[in-house]
Amino acid sequence: MRRYVHETVVPTPAGKLYRALTDIARWPQWDAELASTEAPASLTRGAAFSLTPRGGPRVRMTVEEASAPASFTDVAHLPLARMRTRHDLLPCAEGTRVRVTIEVAGPLSLLWDRAVARKQAAGSEANTHALARFAEAQP
């Protein structure tokens, strides 16, 4: 299993970040790597949704955890692997410390690590700032 952890501090309150992060239908508005999403009917554990990366195939996803306003975890169901992305929203004096943890496991985890996870991990700081800008612009 491959695991990446990155932390970024943003001035945005955790509650606003959580609302933006769990508004899956609007992810493409702040995540430049996404062409589209199909949001789940609810944020309950196991709720299914999908996303389509720009230039890539549709990916089946599930909600693993949604604990307002502290954390959100989703799982991408890839061929012979699973990629788990967890966002922990930790209030701090400067606003919120956003800890993004990406884990890839399964027989083809090395392939998916090279194809997807490393790129996501490398872009997690920029993505966190984009999420914060989007969250701040919401009423």
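For the structure itself, look to the data block above.
Everything in this summary refers to the structure shown in the same document. (Residues numbered from 1 in each chain as written. Predicted model: local features only at pLDDT ≥ 70, side-chain atom pairs only at ≥ 80, totals over all residues. Heavy atoms only, no water.)

Summed over all chains, the structure comprises 2 aromatic pairs. Seen in terms of ring centroids, tryptophan 27 and phenylalanine 49 are 5.7 Å apart; in terms of plane orientation they differ by 90°. Their pairing is edge-to-face. Within this pair, whereas tryptophan 27 is found in the loop between α1 (14-21) and β2 (34-38), its partner phenylalanine 49 is found in strand β3 (residues 48-53), the two being separated by 22 residues in sequence. Here the two residues tryptophan 27 and phenylalanine 49 agree in accessibility, since each one is buried. Centre to centre, the rings of tryptophan 27 and phenylalanine 72 are 6.4 Å apart; their planes meet at 85°, and the pair counts as edge-to-face. Of this pair, tryptophan 27 sits in the loop between α1 and β2 while phenylalanine 72 sits in strand β5 (residues 71-78), and the two are 45 residues apart along the sequence. In this structure, tryptophan 27 and phenylalanine 72 share a single accessibility class: buried. These aromatic residues form a ring-pair network of at least three members: Trp27, Phe49 and Phe72. (Phe/Tyr/Trp six-rings, centres within 6.5 Å; stacked < 30°, edge-to-face > 60°. Helix = DSSP H or I, 4+ residues; strand = E, 2+ residues; numbered from the N terminus. Buried < 20%, exposed > 50% of the residue type's maximum accessible area, 1.4 Å probe, protein only.)

What follows concerns the pairing of β3. Pairing between β2 and β3: 4 bridges, direction antiparallel. Of the residues in β3, the one forming a bridge with serine 36 is threonine 52. Of the pairings in the sheet, the one linking β3 to strand β4 (residues 59-67) comprises 4 bridges and is antiparallel in character. Residue pairing in the sheet places alanine 48 in a bridge with threonine 62 of β4. The antiparallel pairing of β3 with β4 creates a hairpin that spans 5 residues between the two strands, and glycine 55 there sits at a positive phi of about 75°. (Pairing = 2+ DSSP bridges.)

Once their charged atoms are close, side chains differing in charge can pair, the charge on each being opposite to the other. For the structure shown, the criterion picks out 12 salt bridges. Its salt-bridge partner being arginine 84, residue glutamate 64 comes within 2.8 Å of it at the nearest N-O pair. With a gap of 20 residues between them, glutamate 64 in strand β4 and arginine 84 in strand β6 (residues 81-92) connect regions that are remote in the sequence. In the salt-bridge network here, residues are joined through shared partners; they are Arg3, Glu64, Arg84 and Glu103. (Salt bridge = Lys/Arg side-chain N within 4 Å of Asp/Glu carboxyl O.)

Honestly, it's all geometry; don't read function into it.
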